Amino acid sequence: MQLFTITALTCLVSASAFVPSHRRRVARGRPTAAMPGAPDEAMMARLRNVLLTGRAGGAATDAVPGGLALLFDCDGVLADTERDGHRVSFNKVFEERGLGYSWDVDEYGRLCEVGGGKERMTFYMNKNKCWPEDCTNPTTEALVKGLPVDETRLALVKSCHARKTELFQELIGSGVVPLRPGILPLVDEAIAAGAPHAVCSTSNEAAVRTLVQTLMGEERYASFEFFCGDCVPAKKPAPDVYNLAASTMKLPKDKCVVIEDSGIGCKAAKAAGMACLVTTSTYTVDEDFSGADRIVPELEAAEVKLADLRALL
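Given the structure is predicted, the values throughout are model-derived calculations rather than measurements.

K.L.:
Help me out: how do you make sense of the layout of surface pockets in this one?
P.N.:
If a probe the size of a water molecule is rolled over the atoms, the empty space left behind becomes visible. Of the voids in this model, the second largest pocket is the one considered here, and its volume is about 300 Å³. A class-by-class count of the residues in the lining of the second largest pocket yields eleven nonpolar, one polar and six charged.

Below, the structure is given as C-alpha coordinates:
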(Lines give C-alpha, C1' and ligand atoms only; values in the text may rest on other atoms or scores of the structure.)
Protein backbone atom coordinates (compact mmCIF):
# COMPACT_ATOMS: atom_id res chain seq x y z
CA MET A 1 0.00 0.00 0.00
CA GLN A 2 2.74 2.46 0.95
CA LEU A 3 4.76 1.70 -2.18
CA PHE A 4 1.70 2.06 -4.38
CA THR A 5 0.88 5.39 -2.73
CA ILE A 6 4.34 6.70 -3.52
CA THR A 7 3.94 5.56 -7.12
CA ALA A 8 0.54 7.21 -7.34
CA LEU A 9 1.92 10.47 -6.02
CA THR A 10 4.71 10.33 -8.60
CA CYS A 11 2.37 9.61 -11.50
CA LEU A 12 -0.62 11.75 -10.55
CA VAL A 13 0.97 14.88 -9.12
CA SER A 14 3.89 15.16 -11.50
CA ALA A 15 5.10 18.54 -12.61
CA SER A 16 5.72 17.01 -16.02
CA ALA A 17 4.70 18.80 -19.18
CA PHE A 18 2.72 15.72 -20.14
CA VAL A 19 -0.66 14.54 -18.97
CA PRO A 20 -0.06 11.53 -16.68
CA SER A 21 -0.17 8.28 -18.59
CA HIS A 22 -3.23 6.82 -16.96
CA ARG A 23 -5.67 9.73 -17.38
CA ARG A 24 -7.84 8.76 -20.30
CA ARG A 25 -9.18 11.10 -22.97
CA VAL A 26 -8.31 14.21 -21.01
CA ALA A 27 -6.28 16.95 -22.72
CA ARG A 28 -4.95 14.55 -25.34
CA GLY A 29 -2.85 17.02 -27.26
CA ARG A 30 0.32 16.58 -29.22
CA PRO A 31 2.85 14.75 -27.05
CA THR A 32 5.31 17.59 -27.49
CA ALA A 33 2.89 20.26 -26.29
CA ALA A 34 3.34 21.73 -22.83
CA MET A 35 0.38 21.36 -20.49
CA PRO A 36 -0.23 22.69 -16.97
CA GLY A 37 1.58 20.74 -14.28
CA ALA A 38 -0.76 21.44 -11.37
CA PRO A 39 -3.21 18.62 -10.57
CA ASP A 40 -6.88 19.35 -11.30
CA GLU A 41 -9.88 18.28 -9.20
CA ALA A 42 -10.41 15.03 -11.10
CA MET A 43 -6.78 14.09 -10.64
CA MET A 44 -6.93 14.84 -6.91
CA ALA A 45 -10.10 12.74 -6.57
CA ARG A 46 -8.28 9.82 -8.17
CA LEU A 47 -5.35 10.36 -5.84
CA ARG A 48 -7.63 10.37 -2.77
CA ASN A 49 -9.07 7.07 -3.97
CA VAL A 50 -5.57 5.61 -4.21
CA LEU A 51 -4.69 6.81 -0.73
CA LEU A 52 -7.86 5.36 0.78
CA THR A 53 -8.11 2.08 -1.13
CA GLY A 54 -4.64 1.34 -2.49
CA ARG A 55 -6.18 1.03 -5.97
CA ALA A 56 -6.09 3.57 -8.77
CA GLY A 57 -9.28 2.49 -10.49
CA GLY A 58 -11.53 0.66 -8.05
CA ALA A 59 -12.58 -2.97 -8.36
CA ALA A 60 -12.05 -4.91 -11.58
CA THR A 61 -15.08 -6.19 -13.40
CA ASP A 62 -15.38 -9.59 -15.09
CA ALA A 63 -17.33 -8.04 -17.97
CA VAL A 64 -14.66 -6.71 -20.35
CA PRO A 65 -15.88 -5.20 -23.63
CA GLY A 66 -14.71 -7.31 -26.54
CA GLY A 67 -13.99 -10.20 -24.19
CA LEU A 68 -10.40 -9.19 -23.48
CA ALA A 69 -7.99 -6.30 -23.00
CA LEU A 70 -4.83 -5.87 -25.07
CA LEU A 71 -1.67 -4.57 -23.40
CA PHE A 72 1.06 -3.84 -25.95
CA ASP A 73 4.74 -3.37 -25.30
CA CYS A 74 6.12 -0.61 -27.53
CA ASP A 75 9.68 -1.12 -28.74
CA GLY A 76 9.95 -4.27 -30.82
CA VAL A 77 6.18 -4.84 -30.77
CA LEU A 78 4.53 -1.78 -32.28
CA ALA A 79 7.65 -1.00 -34.31
CA ASP A 80 11.13 -2.48 -34.51
CA THR A 81 12.58 0.67 -32.99
CA GLU A 82 15.55 -0.63 -31.02
CA ARG A 83 18.18 -1.05 -33.75
CA ASP A 84 17.32 1.85 -36.07
CA GLY A 85 15.63 4.17 -33.58
CA HIS A 86 16.85 4.08 -30.01
CA ARG A 87 20.36 2.83 -30.84
CA VAL A 88 20.89 5.54 -33.44
CA SER A 89 19.59 8.21 -31.07
CA PHE A 90 21.81 7.03 -28.21
CA ASN A 91 24.86 7.15 -30.48
CA LYS A 92 24.06 10.71 -31.57
CA VAL A 93 23.98 11.77 -27.92
CA PHE A 94 27.30 10.02 -27.22
CA GLU A 95 28.82 11.89 -30.17
CA GLU A 96 27.37 15.24 -29.08
CA ARG A 97 28.74 14.77 -25.56
CA GLY A 98 32.14 13.59 -26.80
CA LEU A 99 31.92 10.40 -24.76
CA GLY A 100 34.18 8.52 -27.15
CA TYR A 101 32.13 5.41 -27.81
CA SER A 102 29.12 4.17 -29.76
CA TRP A 103 26.95 1.07 -29.66
CA ASP A 104 27.08 -1.17 -32.72
CA VAL A 105 24.18 -3.42 -33.65
CA ASP A 106 25.42 -6.48 -31.77
CA GLU A 107 26.46 -4.54 -28.65
CA TYR A 108 23.10 -2.84 -28.42
CA GLY A 109 21.34 -6.16 -28.78
CA ARG A 110 23.13 -7.41 -25.66
CA LEU A 111 22.35 -4.18 -23.82
CA CYS A 112 18.63 -4.58 -24.52
CA GLU A 113 18.62 -7.24 -21.82
CA VAL A 114 18.80 -4.29 -19.40
CA GLY A 115 15.37 -2.67 -19.06
CA GLY A 116 15.27 1.14 -19.35
CA GLY A 117 17.51 3.56 -21.24
CA LYS A 118 19.01 5.31 -18.21
CA GLU A 119 19.68 1.95 -16.61
CA ARG A 120 21.24 0.71 -19.86
CA MET A 121 23.72 3.61 -19.98
CA THR A 122 24.58 3.13 -16.32
CA PHE A 123 25.22 -0.58 -16.83
CA TYR A 124 27.43 0.05 -19.85
CA MET A 125 29.56 2.77 -18.27
CA ASN A 126 30.02 0.75 -15.09
CA LYS A 127 30.93 -2.43 -16.95
CA ASN A 128 33.39 -0.69 -19.29
CA LYS A 129 34.63 1.90 -16.77
CA CYS A 130 34.02 4.64 -19.30
CA TRP A 131 32.36 7.37 -17.26
CA PRO A 132 33.46 10.84 -18.42
CA GLU A 133 36.16 12.60 -16.42
CA ASP A 134 33.82 14.56 -14.15
CA CYS A 135 32.14 11.29 -13.11
CA THR A 136 35.24 9.20 -12.37
CA ASN A 137 35.30 9.95 -8.64
CA PRO A 138 31.73 9.35 -7.45
CA THR A 139 30.67 9.79 -3.85
CA THR A 140 29.46 6.18 -4.04
CA GLU A 141 29.33 3.35 -6.58
CA ALA A 142 25.96 2.26 -5.22
CA LEU A 143 22.94 1.83 -7.48
CA VAL A 144 19.24 1.99 -6.69
CA LYS A 145 17.00 0.22 -9.20
CA GLY A 146 19.85 0.26 -11.73
CA LEU A 147 20.58 3.99 -11.44
CA PRO A 148 23.54 5.75 -9.78
CA VAL A 149 23.14 7.15 -6.29
CA ASP A 150 25.95 9.61 -7.02
CA GLU A 151 24.32 12.89 -8.05
CA THR A 152 26.81 13.76 -10.81
CA ARG A 153 26.48 10.37 -12.50
CA LEU A 154 22.71 10.40 -12.13
CA ALA A 155 22.51 13.89 -13.66
CA LEU A 156 24.58 12.69 -16.61
CA VAL A 157 22.44 9.68 -17.47
CA LYS A 158 19.24 11.70 -17.01
CA SER A 159 20.39 14.52 -19.27
CA CYS A 160 21.71 12.09 -21.89
CA HIS A 161 18.45 10.19 -21.84
CA ALA A 162 16.36 13.37 -22.15
CA ARG A 163 18.37 14.38 -25.21
CA LYS A 164 18.09 10.86 -26.63
CA THR A 165 14.31 11.09 -26.30
CA GLU A 166 14.28 14.35 -28.25
CA LEU A 167 16.34 12.83 -31.05
CA PHE A 168 14.23 9.66 -31.07
CA GLN A 169 11.03 11.69 -31.39
CA GLU A 170 12.48 13.57 -34.34
CA LEU A 171 13.47 10.27 -35.95
CA ILE A 172 10.04 8.71 -35.45
CA GLY A 173 8.37 11.90 -36.67
CA SER A 174 10.29 11.62 -39.92
CA GLY A 175 8.64 8.26 -40.63
CA VAL A 176 11.92 6.36 -40.90
CA VAL A 177 10.75 3.53 -38.61
CA PRO A 178 7.44 1.91 -39.71
CA LEU A 179 4.90 -0.04 -37.68
CA ARG A 180 5.40 -3.79 -37.66
CA PRO A 181 3.10 -5.72 -40.01
CA GLY A 182 -0.15 -6.80 -38.40
CA ILE A 183 -0.28 -4.12 -35.71
CA LEU A 184 -2.77 -1.74 -37.34
CA PRO A 185 -5.34 -4.42 -38.27
CA LEU A 186 -5.22 -5.78 -34.71
CA VAL A 187 -5.64 -2.31 -33.18
CA ASP A 188 -8.53 -1.57 -35.55
CA GLU A 189 -10.18 -4.87 -34.63
CA ALA A 190 -9.83 -4.05 -30.93
CA ILE A 191 -11.35 -0.60 -31.44
CA ALA A 192 -14.25 -2.04 -33.42
CA ALA A 193 -14.91 -4.62 -30.69
CA GLY A 194 -14.63 -2.03 -27.92
CA ALA A 195 -11.77 -3.99 -26.35
CA PRO A 196 -9.69 -1.86 -23.92
CA HIS A 197 -6.09 -1.44 -25.01
CA ALA A 198 -2.96 0.23 -23.71
CA VAL A 199 0.76 0.56 -24.26
CA CYS A 200 2.87 -0.62 -21.32
CA SER A 201 6.51 0.24 -21.88
CA THR A 202 9.72 1.00 -20.03
CA SER A 203 10.38 3.73 -22.61
CA ASN A 204 9.85 7.42 -22.01
CA GLU A 205 6.16 8.33 -22.31
CA ALA A 206 6.76 11.23 -24.70
CA ALA A 207 8.61 8.93 -27.09
CA VAL A 208 5.89 6.27 -26.92
CA ARG A 209 3.11 8.80 -27.50
CA THR A 210 4.97 10.29 -30.46
CA LEU A 211 5.34 6.86 -32.03
CA VAL A 212 1.66 5.93 -31.62
CA GLN A 213 0.34 9.32 -32.70
CA THR A 214 2.66 9.63 -35.70
CA LEU A 215 2.42 6.08 -37.01
CA MET A 216 -1.21 5.27 -36.13
CA GLY A 217 -2.96 8.61 -36.50
CA GLU A 218 -5.00 10.77 -34.15
CA GLU A 219 -8.12 8.58 -33.83
CA ARG A 220 -6.25 5.40 -32.92
CA TYR A 221 -3.92 7.37 -30.63
CA ALA A 222 -6.93 8.75 -28.71
CA SER A 223 -8.18 5.21 -28.03
CA PHE A 224 -5.06 4.13 -26.11
CA GLU A 225 -4.10 4.27 -22.46
CA PHE A 226 -0.38 4.77 -21.72
CA PHE A 227 1.70 3.37 -18.85
CA CYS A 228 5.31 4.23 -19.52
CA GLY A 229 8.77 5.07 -18.28
CA ASP A 230 9.27 5.75 -14.59
CA CYS A 231 5.59 5.56 -13.63
CA VAL A 232 6.23 2.36 -11.65
CA PRO A 233 8.87 1.62 -9.01
CA ALA A 234 10.42 -1.34 -10.85
CA LYS A 235 10.77 -1.94 -14.57
CA LYS A 236 10.41 -5.20 -16.50
CA PRO A 237 10.93 -8.09 -15.74
CA ALA A 238 9.05 -6.87 -12.64
CA PRO A 239 5.27 -6.98 -13.29
CA ASP A 240 4.64 -3.46 -11.96
CA VAL A 241 3.63 -1.78 -15.22
CA TYR A 242 1.10 -4.51 -16.04
CA ASN A 243 -0.26 -4.50 -12.50
CA LEU A 244 -0.71 -0.73 -12.72
CA ALA A 245 -2.52 -1.02 -16.06
CA ALA A 246 -4.92 -3.65 -14.75
CA SER A 247 -5.62 -1.69 -11.56
CA THR A 248 -6.10 1.66 -13.28
CA MET A 249 -8.24 0.30 -16.11
CA LYS A 250 -10.22 -1.93 -13.71
CA LEU A 251 -9.35 -5.07 -15.66
CA PRO A 252 -9.42 -8.63 -14.32
CA LYS A 253 -6.00 -10.08 -15.06
CA ASP A 254 -7.45 -13.27 -16.51
CA LYS A 255 -8.95 -11.12 -19.29
CA CYS A 256 -5.66 -9.39 -20.20
CA VAL A 257 -3.47 -10.46 -23.11
CA VAL A 258 -0.01 -8.95 -23.25
CA ILE A 259 1.85 -8.67 -26.55
CA GLU A 260 5.60 -8.65 -25.96
CA ASP A 261 8.78 -9.24 -27.93
CA SER A 262 11.41 -9.79 -25.21
CA GLY A 263 12.23 -12.32 -22.55
CA ILE A 264 12.04 -9.75 -19.77
CA GLY A 265 8.70 -8.52 -21.08
CA CYS A 266 7.31 -12.03 -21.16
CA LYS A 267 8.47 -12.58 -17.57
CA ALA A 268 6.76 -9.35 -16.51
CA ALA A 269 3.48 -10.39 -18.12
CA LYS A 270 3.50 -13.85 -16.59
CA ALA A 271 4.49 -12.49 -13.16
CA ALA A 272 1.42 -10.26 -13.40
CA GLY A 273 -0.73 -13.35 -14.00
CA MET A 274 -1.62 -12.46 -17.59
CA ALA A 275 -1.63 -14.34 -20.88
CA CYS A 276 1.27 -13.42 -23.16
CA LEU A 277 1.78 -13.65 -26.89
CA VAL A 278 5.37 -13.04 -28.02
CA THR A 279 6.13 -11.63 -31.43
CA THR A 280 9.90 -11.88 -31.80
CA SER A 281 11.88 -8.90 -33.09
CA THR A 282 15.35 -8.20 -34.47
CA TYR A 283 17.14 -8.57 -31.15
CA THR A 284 14.97 -11.11 -29.36
CA VAL A 285 14.69 -14.17 -31.61
CA ASP A 286 16.97 -16.31 -29.44
CA GLU A 287 15.75 -15.13 -26.02
CA ASP A 288 14.11 -17.33 -23.41
CA PHE A 289 10.32 -17.07 -23.62
CA SER A 290 9.50 -19.66 -20.97
CA GLY A 291 5.86 -19.39 -19.96
CA ALA A 292 4.69 -17.61 -23.12
CA ASP A 293 1.24 -18.74 -24.25
CA ARG A 294 2.17 -18.39 -27.91
CA ILE A 295 5.24 -17.31 -29.88
CA VAL A 296 5.10 -15.98 -33.45
CA PRO A 297 7.71 -14.30 -35.66
CA GLU A 298 5.23 -11.63 -36.77
CA LEU A 299 1.56 -10.86 -36.21
CA GLU A 300 0.70 -10.53 -39.89
CA ALA A 301 2.61 -13.61 -41.03
CA ALA A 302 0.94 -15.67 -38.29
CA GLU A 303 -2.45 -14.13 -39.14
CA VAL A 304 -3.06 -13.21 -35.50
CA LYS A 305 -6.59 -11.92 -34.96
CA LEU A 306 -8.53 -10.85 -31.88
CA ALA A 307 -10.17 -14.28 -31.71
CA ASP A 308 -6.73 -15.92 -31.54
CA LEU A 309 -5.84 -13.76 -28.55
CA ARG A 310 -9.13 -14.54 -26.79
CA ALA A 311 -8.27 -18.22 -27.20
CA LEU A 312 -5.18 -17.69 -25.01
CA LEU A 313 -7.31 -16.78 -22.00
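K.L.:
Would you mind showing me how to read the packing of helix 3 (residues 81-96) against helix 5 (residues 117-128) here?
P.N.:
Helices that pack against each other are described as a pair by the angle of their axes relative to one another and the distance between those axes. Contact geometry for helix 3 and helix 5: axes closest at 13 Å, N-to-C directions at 60°. By the angle between their axes, helix 3 is oblique relative to helix 5. The handedness of the crossing between helix 3 and helix 5 is right-handed. From helix 3, E82, F90 and F94 reach across to helix 5, where they touch G117, R120 and M121. For the contact of helix 3 with helix 5, a count of residues per class yields three nonpolar, one polar and two charged.

K.L.:
Help me understand helix 6 (residues 151-173), please; the structure alone is not making it clear to me.
P.N.:
The terminal C-alpha atoms of helix 6, which comprises 23 residues, lie 33 Å apart, in line with the 33 Å expected from a rise of 1.5 Å per residue. Those residues of helix 6 that fall on the buried side of the exposure criterion are R153, L156, V157, C160, H161, K164, T165, L167, F168, Q169, L171 and I172. At its buried positions, helix 6 is contacted by helix 3, helix 5, strand 3 (147-148) and helix 8 (205-216). One side-chain oxygen of the residue at the start of helix 6 lies 3.2 Å from the amide nitrogen of T152, identifying that residue as D150. One or two residues past the end of helix 6 sits G175, with phi positive at roughly 80°.

K.L.:
Help me understand helix 10 (residues 240-248), please; the structure alone is not making it clear to me.
P.N.:
Think of an α-helix as turning once every 3.6 residues; residues three or four places apart then point the same way. The buried fraction of helix 10 amounts to eight of the nine residues, a majority that puts the element mostly inside the structure. All buried positions along helix 10 are accounted for by D240, V241, Y242, L244, A245, A246, S247 and T248. Residue K250 follows helix 10 closely and has a positive phi angle near 60°.

K.L.:
What should I look at first to understand the sheet that holds strand 7 (residues 275-279) in this one?
P.N.:
Paired through their backbone hydrogen bonds, the strands of a sheet run either parallel or antiparallel. Across the sheet, which stays open at both edges, the six strands sit in the order 5-4-1-6-7-8 with parallel pairing between neighbours. The open sheet has two free edges, formed respectively by strand 5 (225-228) and strand 8 (294-296), since each of these has just one partner strand. Going from strand to strand, the sheet's axes swing by 20° on average, the running direction of each strand aside. Examined bridge by bridge, strand 6 (residues 256-260) and strand 7 share four bridges and lie parallel to one another. If you follow E260 over to strand 7, its bridge partner there is V278. Sheet strands touched by helix 7 (residues 183-193): strand 1 (69-72), strand 4 (197-201) and strand 6. Its angle to strand 1, the strand with the most contacts, is close to 145°. On top of the sheet, helix 8 reaches strand 4 and strand 5; it is set at about 145° to strand 5, its chief contact.

K.L.:
What is the right way to look at unusual backbone geometry in this model?
P.N.:
With the exception of glycine, the majority of residues adopt a negative phi angle, and the majority of peptide bonds are in the trans configuration. Cis geometry marks the peptide bond from K236 to P237, where omega comes out at 20°. Checked against the element boundaries, P237 lands in the loop between strand 5 and helix 10. Positive phi, close to 50°, is recorded for K129, a residue that is not glycine. Note on placement: K129 falls in the loop between helix 5 and strand 2 (143-144). By relative accessible area, K129 is classed as exposed at 75%.

K.L.:
What's the story with the pairing of strand 5 in this structure? I'm lost.
P.N.:
Regular strands place side chains that alternate from one sheet face to the opposite one. A two-sided burial pattern is seen for strand 5, the buried positions comprising E225 and F227 on one face and F226 and C228 on the other. Across four bridges, strand 4 lies against strand 5 in parallel orientation. Looking at the pairing, V199 lines up with F226 of strand 5.

Here is what the cut-offs are and how they apply
Residues numbered from 1 in each chain as written. Predicted model: local features only at pLDDT ≥ 70, side-chain atom pairs only at ≥ 80, totals over all residues. Heavy atoms only, no water. 1 Å grid on protein atoms, 1.4 Å probe; cavity = no way out; pocket = protein on both sides within 12 Å on 5 of 7 lines; lining within 4 Å. Points joined across faces, edges and corners; volume = space filled by probe spheres on them. Nonpolar A, V, L, I, M, F, W, Y, C, P; charged D, E, K, R; others polar. Axes fitted to C-alpha atoms, helices over the stretch in contact; angles between N-to-C directions. Helix = DSSP H or I, 4+ residues; strand = E, 2+ residues; numbered from the N terminus. Parallel < 35°, antiparallel > 145°, perpendicular 65-115°, else oblique. Left-handed = near helix turned anticlockwise from the far one by under 90°. Contact = heavy atoms within 4.5 Å. Expected span 1.5 Å × (residues − 1). Buried < 20%, exposed > 50% of the residue type's maximum accessible area, 1.4 Å probe, protein only. Polar contact = N/O pair within 3.5 Å; in protein donor to acceptor, adjacent residues only side chain to side chain. Pairing = 2+ DSSP bridges.

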